[in-house]
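# Structural features, examined
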Amino acid sequence: MVQLRDDIYGLDSAIFMHPTTWVASGHVEGFDDPQIDCKECKQRMRADHVLEEFEIEADKAPIDFINKELDKLKKEEKLKCANCGSKNLTEAKQFSLMIKSNLGSPTDKLSEENVVYLRPETCGGIYLEYKNMMDSVHPKLPFGIAQIGKAFRNEIIARQFVFRTREFEQMEMQYFLHPDEMEEKYDMWREIRLNWYLEYGIPKDKIRWHEHEVLSHYASQAYDIEFDFKCLDGYKEVEGIHARGNWDLSQHSKHSGVDLTYTDDKTNEKFTPHIMETSTGLNRIFLMFIDNAYTEEEVEGETRTVLKLDKRLSPIKIAIFPLLKNKSELVGKAKEVLEMLRKKWMCEFDLSGSIGKRYRRQDEIGTPYCVTVDFDSLEDDSVTVRERDTMNQERVKIEDLQKYFQENLNI
Ligand code: ATP
């Protein structure tokens, strides 16, 4: 999104920002999820997710709509606690996802004046640094600002592995443009983002678009990319792509008193740029890639567990083993190979257990290549390189290893 493009700038903004930021963006007023509680066992549930099970779309829907739909289900005696089965449930009420704290001296009384919020999404920092970006880099429209960073939400239920956590790593890009370009650029970004998933090995038939039926008042289009999770029994959102109008910059301009308009130097037209956003969660797509790559296969009468990740996504690229741990010549030579390779790639060194066991360990974490230093290596300066998916083995000269991995890993 940044390194390979001319029109997107990377940013690392602050987590603590002036509290008015979140008033301007509408988060203090309405960054809520609807919650219902079981009166018997106190189980907490997200009302929109409960309705989803009855195929009623209620993502970001008004609370009155949600309660009306819940009432209908209650009358039909269909609504039950997910935990104890009781029908004695509260009505839905909004639950703020904002995590609040206070800054200042420890002796200061906690008050609304020194309140600070942990950012619930990274894009707030992008809007705030928009003017700095314009003043320092002077980009021409259309251009984007992207950042990765921690976001915090007081989720009603944080569960399902790392699909939903209260602290997560978000990755967002805001593309600033003239409103006339929105349709074309929106389609372009939908295509780019979908292709990104396909390029890294997500099959076409496990990914789909979900169009939002309920749009925020400022949005003109909103689509999510959904992935069919094996571990979560079905399709779930992994990324949102939203056309947000000029609402964000107008709001920040209004609350800060700073002019955020743009003047086109060819036409002299002055306007507040519109925004197209792509937003995803690193932890969530990490779970998606693991879910997709997880494979159990039969090898010589045994089950081999292997993470068939795209090699670019494997956290460890190469594992290096001396054949025997108590032969210092083998360990020494293997360490030399490790020192040579770890300068360029993430490597692991493992000398415990049989070679077969060491292969299996690396298979489980998706390491694409294992390198074994054996007695022949001491004579011919070659090693055995074993590939994860095919389990093919070949002899490679130690002096050719860097070239070999350059070709096979840096695709
Ligand atoms: P949901 O409906 O699942 O609560 P959302 O529509 O509120 O998500 P956005 O605010 O659009 O999510 O966030 C964009 C992306 O950030 C999501 O597609 C997801 O990948 C990621 N994300 C959001 N909340 C969480 C969370 N609590 N844990 C992990 N990732 C998250």
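Residues numbered from 1 in each chain as written. Predicted model: local features only at pLDDT ≥ 70, side-chain atom pairs only at ≥ 80, totals over all residues. Heavy atoms only, no water.

Here we take up the overall build of the chain. When helices and strands are tallied, the chain shows 12 helices and 21 strands. Projected onto the principal axes, the alpha-carbon positions of the chain cover approximately 75 × 65 × 55 Å. Residues classed as buried in the chain amount to 48% of the 411 residues present. Taking the intrachain contacts of the chain between residues at least 6 apart in sequence as the baseline, contacts between residues at least 24 apart amount to 64%. Summed over all atoms, the accessible surface of the chain reaches about 21,600 Å², with 49% contributed by carbon and sulfur. One finds the centroid of the 58 positive side-chain charges in the chain at a distance of 4 Å from the centroid of its 77 negative side-chain charges. (Helix = DSSP H or I, 4+ residues; strand = E, 2+ residues; numbered from the N terminus. Buried < 20%, exposed > 50% of the residue type's maximum accessible area, 1.4 Å probe, protein only. Contact = heavy atoms within 4.5 Å. Areas by Shrake-Rupley, 256 points an atom, 1.4 Å probe, with all protein chains shown as cover. Lys, Arg positive; Asp, Glu negative; His and termini not counted. Charge placed at Lys NZ, Arg CZ, Asp CG, Glu CD.)

In this section: the pattern of salt bridges. Under the definition given, this model contains 35 salt bridges. As a salt-bridge pair, Glu155 and Arg164 come within 3.6 Å of each other at their nearest N and O atoms. For the residue pair Glu155 and Arg164, the accessibility class agrees, reading buried in each case. Notably, a salt bridge pairs Asp380 with Arg395, separated by 3.5 Å at the nearest N-O pair. You can see Asp380 sitting in helix H11 (residues 375–380) and its partner Arg395 sitting in strand E21 (residues 393–397), a full 15 residues away along the chain. (Salt bridge = Lys/Arg side-chain N within 4 Å of Asp/Glu carboxyl O.)

On to the site of the ligand, then. Lining the immediate environment of the ligand, one finds 16 residues, of which Glu155, Arg164, Thr165, Glu237 and Gly281 sit closest. Between the ligand and Arg46, the relevant distance is 3.2 Å, taken from an oxygen atom to a side-chain nitrogen or oxygen of the residue. Contact with the protein chains hides 93% of the accessible area of the ligand, taken as 600 Å² for the molecule alone. Taken together, the elements giving at least two residues each to the shell around the ligand come down to strand E8 (167–177), strand E11 (234–243) and strand E14 (274–281). Counted by class, the shell around the ligand contains 3 nonpolar, 5 polar and 8 charged residues. (Near = heavy atom within 4 Å. Polar contact = N/O pair within 3.5 Å; in protein donor to acceptor, adjacent residues only side chain to side chain. Nonpolar A, V, L, I, M, F, W, Y, C, P; charged D, E, K, R; others polar.)

On domain assignment, one finds that the chain holds domain 1 (8–16 + 99–289), domain 2 (32–96) and domain 3 (300–408). Measuring from the centre of the C-alpha atoms in domain 1 to the corresponding centre in domain 2 gives 28 Å. Carbon and sulfur atoms make up 54% of the area that domain 1 and domain 2 hide from each other, which totals about 960 Å². At the boundary of domain 1 with domain 2, the tally comes to 1 salt bridge. (Domains from an automatic or database assignment. Buried area = accessible area lost by both parts, 1.4 Å probe.)

What follows is about the sheet that holds strand E18 (residues 347–349). Within the open sheet, the 5 strands sit side by side as E18-E17-E19-E20-E21. Their pairing is mixed. Two strands close off the open sheet at either side, each with one partner strand: E18 and E21. Strand-to-strand twist in this sheet, taken as the mean axis angle between neighbours without regard to direction, amounts to 25 degrees. Pairing geometry for strand E19 (residues 369–373) and strand E20 (residues 382–387), over 4 bridges, is antiparallel. Bridged to Tyr369 within E20 is Glu387. Packed onto the sheet, helix H9 (residues 328–341) meets strand E17 (318–322), E18 and E19 and runs at close to 165 degrees relative to E17. (Pairing = 2+ DSSP bridges. Axes fitted to C-alpha atoms, helices over the stretch in contact; angles between N-to-C directions.)

Once that is clear, we can look at helix H5 (residues 123–137). Spacing of three or four residues puts side chains on the same side of an α-helix, whose turn is 3.6 residues. Considering bend angle alone, the principal kink of H5 is centred on Glu129 and spans about 45 degrees. His138 sits one or two residues past H5 and shows a positive phi near 50 degrees. (Bend = angle between axes of the 7 residues up to and from the residue.)

This paragraph deals with the packing of aromatic side chains. Within this structure, the stated rule accounts for 19 aromatic pairs. With centroids separated by 5.9 Å and ring planes inclined at 70 degrees, the aromatic side chains of Trp196 and Phe289 adopt a geometry described as edge-to-face. With Trp196 in helix H6 (residues 182–199) and Phe289 in helix H8 (residues 282–293), this pair connects stretches of sequence that are 93 residues apart. Between the aromatic rings of Tyr369 and Tyr404, the centroid separation amounts to 5.9 Å while the plane-to-plane angle is 80 degrees, which identifies the pairing as edge-to-face. (Phe/Tyr/Trp six-rings, centres within 6.5 Å; stacked < 30°, edge-to-face > 60°.)

The full count for this structure, using the stated rule, is 0 disulfides. The structure places no disulfide on Cys38, whose sulfur is separated from the nearest cysteine sulfur, that of Cys84, by 3.7 Å. Looking at Cys84, the relative accessible area reads 42%, which means it is partly exposed. (Disulfide = S-S within 2.5 Å.)

All right, on to helix H7 (residues 247–256) then. Looking only at H7, the buried set comprises Trp247, Asp248, Leu249, Gln251, His252 and Ser253. The inward-facing, buried residues of H7 abut helix H1 (20–24), H5, E8 and E14. The first or second residue beyond H7 is Gly257, which carries a positive phi of 75 degrees.

The next subject is the packing of H5 against H7. Here H5 crosses H7 at 70 degrees, and the two axes come no closer than 10 Å. The pairing of H5 with H7 is recorded here as roughly perpendicular in orientation. The segment H5 lies against H7, with Tyr127, Leu128 and Tyr130 engaging Asp248, Leu249 and His252. Its residues placed into classes, the contact of H5 with H7 shows 4 nonpolar, 1 polar and 1 charged. (Parallel < 35°, antiparallel > 145°, perpendicular 65-115°, else oblique.)

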